[in-house]
Amino acid sequence: MGTPTHMKSRFFLVSAFLAALALSGCNESSINDFAPNPNKPLPAALVQKIKAKGMSVGAPIMMRIIKDEHILEIWKQKTSGRYDLVTAYNICAWSGKLGQKKKEGDRQAPEGFYTVRPAQLNPNSKYFLSFDTGFPNAYDRSHGYTGANLMVHGACSSAGCYSMTDASVQEIFAFARDALKGGQDGFMLQALPFRMTAEKMAFYAGDANFPFWKMIKEGYDQFELTRQVPKVDFCEKKYVFNRTAVNGGTFNASAACPPSELPATLASAEAAYQIKYEAAFAAALKKYESLPVPVVMGGKSRPLDKKWKPAPVSMPSTMAFAAAAPRVTAPMMSKAPVKDGPEAATATAAADQAPQSPAVAVAAATAALSPSKPDGKASVSLAAKEDAAIVPVPVANPNAAVPVEPAAPAVPPKKKRWWLLGN
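Residues numbered from 1 in each chain as written. Predicted model: local features only at pLDDT ≥ 70, side-chain atom pairs only at ≥ 80, totals over all residues. Heavy atoms only, no water.

Novice: Explain helix α7 (residues 210–226) to me, using residue names and the numbers behind them.
Specialist: With 17 residues, α7 should reach 24 Å at 1.5 Å per residue; the first-to-last C-alpha distance of 24 Å fits that figure. Along α7, the sharpest kink reaches roughly 30 degrees, centred on isoleucine 216. By the criterion of burial, α7 is predominantly enclosed, with 16 of the 17 residues buried. Positive backbone phi, approximately 55 degrees, marks arginine 227, located one or two places after α7. (Helix = DSSP H or I, 4+ residues; strand = E, 2+ residues; numbered from the N terminus. Expected span 1.5 Å × (residues − 1). Bend = angle between axes of the 7 residues up to and from the residue. Buried < 20%, exposed > 50% of the residue type's maximum accessible area, 1.4 Å probe, protein only.)

As structure tokens, this is what we get:
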């Protein structure tokens, strides 16, 4: 047995060896694994998945946020022109509750349709990596809504932003960077309160935000029908989607809406879908009309905050709702579809006629659908596959839940790393 002095010496030698071993693993390479890297490529597994889906790494993207599910989805364009879901990430934190952001300091995370351009990406963010959502857009400004620096960023902390884990935002940033480098001028960010199915819309029908949600639902529906990013314009302080102004008119967020039209195939498909939606909505509304109005809180609640208190708003009856909230798009539909543009050359005779009745609309949409594939999605005609400029044939069930792949679990906020101190 050694003396106390010898034992103490051995202890210090072992401690020194372990410290040296630990430091040998903390080299520049391993530090870079944890530091933000705006040029870090996507993981090989994701690249392989992108190629397997008929996409290129530099193909255009669209991002979609589903607030109540704490999910950010990445959609990417295939060679057919349609978009497909690549992956999804857990949103670590968002603040406020469901509903629009209206003023600086309300701590609300924005909702709506926004465009993210190269200048909005911030590789030197204090929150690992980030990009600006584009709030306020023309709609927000027309209503006098204020706020700035509403971001999607890392660091898992939010005060009106959508905050991700650092690992998630590293990949999200790479998706954005690659698409913009690939030639996309800017990608769409859809920030939605929930998946806008008949069931969800009925559940929130008494909420003060419902008129706004009903308005932006048209853009949600059209993306679900076409799997193409909708064209977004603004007039009369509201959103309009996939419309073409006629007779020399133009769209201005604060001005009256010009005469405008939807492409014929999209108008037929939307009318057919709307028939099914209204029936499902009425049935769901009866189920929920006796319940208090829900409020979904932000932060890390999922999906409902246990402390929510019902707002003093009564649910409307089915008939009262139908009378009080007609579709906002109806007054803007003109009698005849657009006769110029790429869709005119490929539209069928039935689609070249504006929907005159529900039966005509259903027949036109049904005739356009080819037999279903084994995965449950309808096939599209060869012409629609080869010509991405036309409005594609809708999928069979636009309100079906989009499958979300498992994402890494959220982790608690980390202390600021020592090499970033002072930045």
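Novice: Run through the pattern of salt bridges, naming residues and quoting values.
Specialist: By the definition in use, this model includes 15 salt bridges. Among the ionic pairs, arginine 64 bridges to glutamate 224, the shortest N-O distance being 2.8 Å. Of this pair, arginine 64 sits in strand β1 (residues 61–66) while glutamate 224 sits in helix α7, placing them 160 residues apart in sequence. Across the pair, glutamate 224 and arginine 64 agree in class, each one buried. Residues arginine 195 and glutamate 73 are paired through a salt bridge, measuring 2.8 Å at the closest nitrogen-oxygen approach. One end of the pair, arginine 195, is in the loop between β10 (187–192) and α6 (198–203); the other, glutamate 73, is in strand β2 (residues 71–77), with 122 residues separating them in the sequence. (Salt bridge = Lys/Arg side-chain N within 4 Å of Asp/Glu carboxyl O.)

Novice: Any chance you could break down the packing of α7 against helix α8 (residues 264–288) for me, citing the residues and the numbers?
Specialist: The contact between α7 and α8 brings their axes to 11 Å, and the two run at 125 degrees. By the angle between their axes, α7 is oblique relative to α8. Relative to α8, α7 is oriented so that their crossing is right-handed. Residue-level inspection shows Phe210, Lys217, Glu218, Asp221, Gln222, Leu225 and Thr226 of α7 in contact with α8, the latter providing Leu266, Ala269, Glu270, Tyr273, Tyr277 and Phe281. Across the contact of α7 with α8, the residue classes break down as seven nonpolar, two polar and four charged. (Axes fitted to C-alpha atoms, helices over the stretch in contact; angles between N-to-C directions. Parallel < 35°, antiparallel > 145°, perpendicular 65-115°, else oblique. Left-handed = near helix turned anticlockwise from the far one by under 90°. Contact = heavy atoms within 4.5 Å. Nonpolar A, V, L, I, M, F, W, Y, C, P; charged D, E, K, R; others polar.)

Novice: I'd love a proper account of the sheet that holds strand β3 (residues 83–90), names of residues and values included.
Specialist: One key point about sheets: their strands pair by backbone hydrogen bonds, in either a parallel or an antiparallel sense. One open sheet accounts for five strands, arranged β3-β2-β1-β10-β5; its pairing is mixed. The open sheet has two free edges, formed respectively by β3 and β5 (112–116), since each of these has just one partner strand. Strand-to-strand twist in this sheet, taken as the mean axis angle between neighbours without regard to direction, amounts to 20 degrees. Sheet analysis places β2 next to β3, joined by seven bridges and oriented antiparallel. Looking at the pairing, tryptophan 75 lines up with leucine 85 of β3. Strands in contact with helix α5 (residues 166–181) are β1, β2, β3, β5 and β10; relative to β3, the strand with the most contacts, it is inclined by about 150 degrees. (Pairing = 2+ DSSP bridges.)

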